[in-house]
Structure formats: C-alpha cells, structure tokens
Amino acid sequence: MSNLAQPGAPALSLEYFPPRDIAAQERLVRSAKRLAALNPAYVSVTFGAGGSTRTGTVDTVQMLRNLGTDVAPHLSCIGATREDLRAILDDYLARGIRRLVALRGDMPSGMGGDTGDLHYASELVRFVREQYGDAFHIEVAAYPEMHPQAESARQDLLHFVNKVHAGADSAITQYFFNPDAYFDFVDQVRAHGIDIPITPGIMPVTNYTQLARFSSMCGAEIPRWMRLRLQDFGDDKASIRAFGIDVVTRLTARLLENGAPGVHFYTLNHADAVVQICDNLGLAGAQRSAVGA
Ligand SMILES: Cc1cc2nc3c(=O)[nH]c(=O)nc-3n(C[C@H](O)[C@H](O)[C@H](O)COP(=O)(O)OP(=O)(O)OC[C@H]3O[C@@H](n4cnc5c(N)ncnc54)[C@H](O)[C@@H]3O)c2cc1C
C-alpha cells in the first residue's frame, strides 16, 4: 500500500463547496479542521456549482485560509465578462491567493444564450496568463472518460492539450472508477509531449442515489458490478459506506502505485470517508476523531 506520509510522497488536495446555511457552514468548519490533520498541499473551493454564488466562494476561501491552509478557488468563465473576471482575480491577488482551478463551467439552465466573453477554459487560462503572467499556478479539469459534451474522445483530448498549451500548470481529473481510463488518458496526453502533473480526482462513495445523480450529469461511469452491488444494499447505509470505502481505497492505492502524482478528494464537505481512506492508505496523522462531520 502507498504511504502518503513518506518524504516525497504524493500530494494530497481536498475540494470543498460553499455551504448554503449556518448548519452547513459549521459542518464544513468541523470537516476542514479534521482534514487539515492530513496536511493537504492545498484545498480548493468550487465556484457557481449547485447554484452557489461567487460571494459564497470568496467567503469560503477566506474561512479556509483563516484555518491556515493554502486555498485554490475555482473560477469558471461562462456567463462572465472580462471585467467580471478581472475584478475577481484582482481580489484574489490582493488576498494572497496564488493558485486557481480555471474552468469553463456550465451555464445554469434557463439562463439563455449569453455565455459571456470567454467560451472555453483554454480562453480563461490564456486570459489569466496575459493579464497576470505567472502570478497564479493554474489547475485545469481533465476527463479520462471524456467530457459529456465533447464531439469525440479525440477532440476532447486535443482540447485538453490546447488548454495546457494556453498555460495550465497541472490538471485534476473528473472522478472515475476505472483506473485504466486514467492510465490511458495520461499515456495519450504524454504522447502529445505534455508532462504536467495530472492528479486523479477521487469521489468517496457513501450514498448511491447521490453518486448516480452526479455520475449521470458529469459522464463518470459507475461500473456495472459496482452499481449492482450498491443497488443490492438498498437503504443499508453502513454496508454502502463499507463497500465504498473499500473500493475507493483500492482504486486510490492502484493509482498511486502506478505513478499518479497525488490524489484530489471531492470531500462534499464531509471528513469521515476521506479520513478512513487515507488511514487505509497508511497516511500517518490521519485523525481518528469520534466527532462525525
Ligand atoms: C476538477 C474539476 C473541478 C470542477 N469545478 C467546478 C466548479 O467549481 N464549478 C462548476 O460549475 N463546475 C465545475 N466543474 C465542472 C466543469 O465546469 C464542467 O465539466 C464543464 O462542463 C466543463 O468545464 P471545463 O473547464 O472542463 O471546460 P473546457 O475545458 O472548456 O471543455 C468543455 C467542453 O468544450 C470542449 N471544447 C474545449 N475547447 C473547445 C473548442 N475550442 N472548440 C470546441 N469545443 C471545445 C471540450 O471538449 C469539452 O467538451 C469541475 C470539473 C472538474 C473536473
């Protein structure tokens, strides 16, 4: 098994989303404090996802920075003008933020056809580089199982290559459960002469209904055998959790043993499953608090 705690060990990063209310905010603070014990290289905060607002991202970024963590806000360009983006980026720069996750994002349904000044993440990356030079380390999204709106897998790969040529420093993948999809994607990217780190995004499995909903939206495949096992568990949350932690631990171990530069956990603002998986992977210092978060 991989040991993330060894010197030169793969980097761990964690993703949070802006909480909607006070109770969710308190849960996030508890989770973030517990997960800080894993010594993540940085944590990231989503932007605009699930109806959250730009202010929600900024407030969450500031809260996490106050906990002493390096924070990378996500920034999507869809629906924004260059002026909007400059205002956000100036603010982040003034706050000492030096890492971004640059995305196209998705147009909320019912918002009509005004997609803003920039139409793809590659344009946002180029814009940030033109306006701010190397002030930010730029992460971009990658899709080992293809972005759901791509014309073809080949075109999607070429668009990813273009995004890196625009100035991306590293990439985080959409989640997946088939490690070969990741290895094949990395091989294809390397064949284009691109050597940036491509960190697998890892989704802890704790709730089948939620996972099925996310997966149908983002195009991540739930393998048939996993789906059938999860369906069999019905409402038995404890069995779903135990199975999910086992599957995701084995997936993560296989990725790290075969060269993944680190792992990026989609925490969904919960700590327990991530702590358990990291503990299984031999991460010294993984907190074993009895406090559920
Ligand atoms: C790690 C990660 C974090 C995310 N965080 C958020 C978040 O915080 N908020 C949020 O709303 N969403 C988030 N998403 C979801 C993301 O916004 C959606 O997947 C979105 O549909 C695509 O964003 P992108 O940056 O990958 O787009 P792009 O890289 O621009 O690609 C989008 C699509 O356009 C195609 N394409 C790219 N360039 C061209 C071109 N020149 N011509 C024609 N087609 C092209 C691509 O093949 C792809 O199908 C995240 C996804 C990942 C993997």
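Quick caveat, the model's predicted, so the values are computed rather than measured.

Undergrad: What should I look at first to understand the pattern of salt bridges in this one?
TA: Side-chain pairs of opposite charge can arise where the charged atoms are in close proximity. With the rule as written, the count across this model stands at 10 salt bridges. The closest approach of N and O atoms between R34 and D272, which form a salt bridge, is 2.4 Å. Of this pair, R34 sits in helix 1 (residues 22-36) while D272 sits in helix 10 (residues 272-280), placing them 238 residues apart in sequence. Looking at R34, the relative accessible area reads 7%, which means it is buried. Its relative accessible area of 26% is what places D272 among the partly exposed residues. Beyond isolated ion pairs, a larger network of salt bridges with shared partners links R129, D134 and D169.

Undergrad: Explain the site of the ligand here, please?
TA: Inspection of the region around the ligand gives 21 residues, with F47, D106, Y143, D156 and K163 positioned closest. R104 is positioned such that a nitrogen or oxygen atom in its backbone is 2.8 Å from an oxygen atom of the ligand. One of the side-chain N or O atoms of D156 is found 2.6 Å from an oxygen atom in the ligand. Here the ligand loses 86% of its free accessible area of 980 Å² to cover by the protein chains. Those elements that provide at least two residues to the shell around the ligand are helix 5 (153-165) and strand 6 (170-175). Of the residues forming the shell around the ligand, the biggest block, 3 residues, is contributed by helix 5.

What counts and what doesn't
- Counting restarts for each chain, with residues numbered from 1 along the sequence as it is written.
- Only residues with pLDDT of at least 70 are given local features in this predicted model, and only at 80 or more are side-chain atom pairs given and counted; all residues enter the totals for whole chains, interfaces and linings.
- With hydrogens and water excluded, all non-hydrogen atoms of the structure serve as input to the side-chain values.
- Salt bridges are identified by distance alone: a Lys or Arg side-chain nitrogen within 4 Å of an Asp or Glu carboxyl oxygen.
- By definition, any uninterrupted DSSP run of H or I lasting at least four residues is a helix, any uninterrupted run of E lasting at least two residues is a strand, and each is numbered from the N terminus.
- Exposure is judged per residue with a 1.4 Å probe applied to protein chains only, and the accessible area is read against the type maximum: over 50% gives exposed, under 20% gives buried, and values in between give partly exposed.
- For this purpose, a residue is taken to be near a molecule or strand whenever a single non-hydrogen atom of the residue falls within 4 Å of it.
- Think of a polar contact as two N or O atoms within 3.5 Å of one another; within protein, one of them needs to be a possible hydrogen donor and the other a possible acceptor, and neighboring residues in sequence only count if both atoms come from side chains.
- Here, Shrake-Rupley sampling with a 1.4 Å probe gives the accessible areas, and only protein chains in the shown set may cover a residue.

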